[in-house]
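Here are the chains, one letter per residue:
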Amino acid sequence: MLPWLPRLFGTGLFILGFKEIGDAVKESVKQQVADHSLRSDVSKQVELTETKEMVYVKDLKPGQIIRVRRGQIVPVDAKSLTTTSIVPCLTGEAIPETIGENEDILAGSKVPSNVDFIDMRVEKTEEKSTLARMDESIKKSQDEKSSLEKSTNIIVSYFVRGVFVVAIVSALVMGFLVSPIAAIQAGISILSAACPCTLGLIIPLAYRVAEKKALARGIQFKDGKKIDAAGDIDTIAIDLNGTFTTGGLEVVDDTTMPEKMWDYLWAIEKDVDHPFA
């Protein structure tokens, strides 16, 4: 009887469907950020020095002696039992630094290639380690909304109420002046045209994507407010010990050595496992 009437309701369903898709995408990105754990690159098992037994890192207790071998990442905060060297990866350094007996070794540090193994005494469990605290900080950052997100939520809440009021008033007016069908068409048209998808979905999604992109590059924002503040940065001050590094060593230039000497150096250093080699 009214073949065009279902299309009016179809428009409303389309808007609702679009919103659900947007929510799904936002939650997917948010979950990817949450799954980005600093502990994901750490071995799940570690060797006990005395028994040579492999145990799960989650079961380690303070006081146990573990052995972390060449190239492995230290899974928990510990103290070195001997004078050795370690790569403090959390600081971005690629060059090993010397540590003495009974000095702290933070979780996330790496045993350099020129050291066979390091025996160390566990100081904290996995859940209380430095890496665990950083992971927890990353999760909390997702719950702290930026000022723009908070403002958006307030605007959207009032905007949606206003749209419903306008749609209802328009529908009543059209119902009295024209017909019930015109009232339905007017109400649905207003609801469809005034859908706050951009405010309600795109802005929060943009922040989640920003967090994901930053984490992929080793940058952690404590909360959404810090992302807002990053846009106003025009100067970066680095202290005396500030270091910019890519995390790897590389020869970039030489102006004093004859070209043929490179072949000799390569022959000498190719089998050496020292980081500089």
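Keep in mind that this is a model prediction, so the values were computed, not measured.

Rules and cut-offs
Residues numbered from 1 in each chain as written. Predicted model: local features only at pLDDT ≥ 70, side-chain atom pairs only at ≥ 80, totals over all residues. Heavy atoms only, no water. Core = buried A, V, L, I, M, F, W, Y, C linked by side-chain atoms within 4.5 Å. Buried < 20%, exposed > 50% of the residue type's maximum accessible area, 1.4 Å probe, protein only. Helix = DSSP H or I, 4+ residues; strand = E, 2+ residues; numbered from the N terminus. Contact = heavy atoms within 4.5 Å. Expected span 1.5 Å × (residues − 1). Phe/Tyr/Trp six-rings, centres within 6.5 Å; stacked < 30°, edge-to-face > 60°. Lys NZ or Arg CZ within 6 Å of the ring centre and 35° of its normal. Axes fitted to C-alpha atoms, helices over the stretch in contact; angles between N-to-C directions. Parallel < 35°, antiparallel > 145°, perpendicular 65-115°, else oblique. Left-handed = near helix turned anticlockwise from the far one by under 90°. Nonpolar A, V, L, I, M, F, W, Y, C, P; charged D, E, K, R; others polar.

A.B. asks: Explain the nonpolar core to me, please; I cannot follow it from the model alone.
C.D. replies: Side chains of nonpolar character tend, in soluble globular proteins, to be buried together. Membership of the largest hydrophobic core comes to 18 residues, with the highest contact counts inside it found for Leu60, Ile66 and Met120. Breaking this core down by element, the ones donating at least two residues are strand E1 (45-48), strand E3 (65-69) and strand E8 (117-122). Per element, the largest residue contribution to this core is three residues, and it comes from E8. Contacts of Leu60, omitting those with residues within four sequence positions, involve Val46, Leu48, Val55, Ile66, Val76, Val122 and Thr125.

A.B. asks: Sorry, what's going on with helix H4 (residues 180-193) here?
C.D. replies: What sets the pattern is the α-helix's 3.6 residues per turn: residues three or four places apart point alike. Over its 14 residues, H4 extends 20 Å from the first C-alpha to the last, a length consistent with the 20 Å expected when each residue adds 1.5 Å. Within the sequence span of H4, burial applies to Ala182, Ala183, Ala186, Gly187, Ile188 and Ser192.

A.B. asks: Would you explain the packing of aromatic side chains in this entry?
C.D. replies: To describe a pair of aromatic rings, one takes the distance between the centres and the angle between the planes. Under the definition given, this model contains zero aromatic pairs. Of note, Arg67 hangs over the ring of Phe117, and the distance from its end group to the ring centre comes to 3.9 Å. A cation sits over an aromatic face here: Arg161 above Tyr158, 5.4 Å from the ring centre.

A.B. asks: Even after reading the chapter, I still don't get the packing of helix H3 (residues 147-177) against H4, so can you show me in this structure?
C.D. replies: When two helices pack together, their arrangement is given by the angle between the helix axes and by the axis-to-axis distance. Their axes nearest at 7 Å, the elements H3 and H4 cross at an angle of 160 degrees. By the angle between their directions, the pair H3 and H4 is classed as roughly antiparallel. As H3 runs across H4, the sense of the crossing is right-handed. Here Val163, Phe164, Val166, Ala167, Ser170, Ala171, Met174 and Gly175 of H3 lie close against H4, whose contacting residues are Ala182, Ala183, Ala186, Gly187, Ile190 and Leu191. Looking at the contact of H3 with H4 residue by residue, the class counts come to eleven nonpolar, three polar and no charged.

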